[in-house]
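Observations on the model geometry
The primary structure of each chain is shown beneath.
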Amino acid sequence: MKSRVYRQWDDGFVVRRMTRQDAEKAILWYTSICATSVDLQVVLDVRGDDADIDGFYVGELNGEVIASKIEFVVADGLSYGSMFYVDERYRNSGLGRRINDVARDVTESTSGNTVGIDAHDELEAVNMRRGYKTAFAVTQFTGKVLQPDDTAGNSGSAIREVNDL
Ligand SMILES: CC(C)(COP(=O)(O)OP(=O)(O)OC[C@H]1O[C@@H](n2cnc3c(N)ncnc32)[C@H](O)[C@@H]1OP(=O)(O)O)[C@@H](O)C(=O)NCCC(=O)NCCS
């Protein structure tokens, strides 16, 4: 697949189209923070290797892939954003903002769609500065669901308690 370059900077940072091989790295990164990161593989399978479709980005610094972002059309008027990630070694130096800006600019100049994202709480202020409005909050539980015992008989549900791991 042709990996189109969207933007490049004098310090060696490049934002280009994500290939399937790049996606494997992005999925590995994102798996630590999001259980559905493998969805990207499905989306790229549907997209196909040769498709000239915008919305899938990686940031490369001097040839090394160090950032990811997707923001692609999912319905008339609506795009979906996710997989926003910068390698720990390069955080807080503006590279996340750059790849986000490229995604936003491509969306604005191609579809003009409204963009929906789901984001961690700590990024809410940043996202509001970028023009997003908060629509809902999600509570994520971790732990294991206990099996009901024979004497319970009162809840009507198998979910009785969630323990922290
Ligand atoms: C979130 C992440 C992609 C930001 O990348 P980055 O290169 O460090 O970000 P930048 O230096 O370009 O900063 C971009 C903006 O995010 C803010 N920001 C960066 N990290 C932040 C954090 N941990 N908490 C709150 N704000 C943060 C910056 O202040 C900046 O705000 P501004 O543009 O309004 O000035 C990076 O910290 C990361 O990969 N985190 C782990 C994965 C993750 O949480 N992804 C988002 C899931 S919703």
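Residues numbered from 1 in each chain as written. Predicted model: local features only at pLDDT ≥ 70, side-chain atom pairs only at ≥ 80, totals over all residues.

**Quick word on the overall build of the protein chain**
The secondary structure content of the protein chain amounts to 4 helices and 6 strands. For the protein chain, the N- to C-terminal ordering of α and β elements is β-β-α-α-β-β-β-α-β-α. By residue count, 22% of the 165 residues in the protein chain fall in the buried class. (Helix = DSSP H or I, 4+ residues; strand = E, 2+ residues; numbered from the N terminus. Buried ≥ 20, exposed ≤ 12 C-beta atoms within 10 Å, placed from the backbone.)

**Things to note about the packing of helix 1 (residues 20-31) against helix 2 (residues 39-47)**
Put simply, helix 1 and helix 2 touch, their axes get as near as 9 Å, and they point 165° apart. Judged by the angle between their axes, helix 1 and helix 2 are roughly antiparallel. When the axes of helix 1 and helix 2 are compared, the crossing they make is right-handed. Contacts from Arg20, Ala23, Ala26 and Ile27 of helix 1 reach helix 2 at Leu40, Gln41 and Leu44. Looking at the contact of helix 1 with helix 2, its residues break down into 5 nonpolar, 1 polar and 1 charged. (Axes fitted to C-alpha atoms, helices over the stretch in contact; angles between N-to-C directions. Parallel < 35°, antiparallel > 145°, perpendicular 65-115°, else oblique. Left-handed = near helix turned anticlockwise from the far one by under 90°. Contact = placed C-beta atoms within 7 Å. Nonpolar A, V, L, I, M, F, W, Y, C, P; charged D, E, K, R; others polar.)

**Focus: the sheet that holds strand 2 (residues 13-17)**
In spatial order, the strands read 1-2-3-4-5-6; together these 6 strands make up an open sheet with mixed pairing. The outermost strands of the open sheet, each flanked by one partner alone, are strand 1 (5-8) and strand 6 (114-117). Going across the sheet, the axis of each strand differs from the next one's by a mean of 25°, ignoring polarity. Both strand 1 and strand 2 contribute to a ladder of 3 bridges, which runs antiparallel. (Pairing = 2+ DSSP bridges.)

**A look at the site of the ligand**
Contacts to the ligand come from 17 residues, most closely from Val86, Arg91, Gly96, Arg97 and Ala119. Of all the secondary structure elements, the ones that give two or more residues to the shell around the ligand are strand 5 (78-86), helix 3 (95-110) and helix 4 (124-129). Per-class residue counts for the shell around the ligand are 8 nonpolar, 5 polar and 4 charged. (Near = placed C-beta within 6 Å.)

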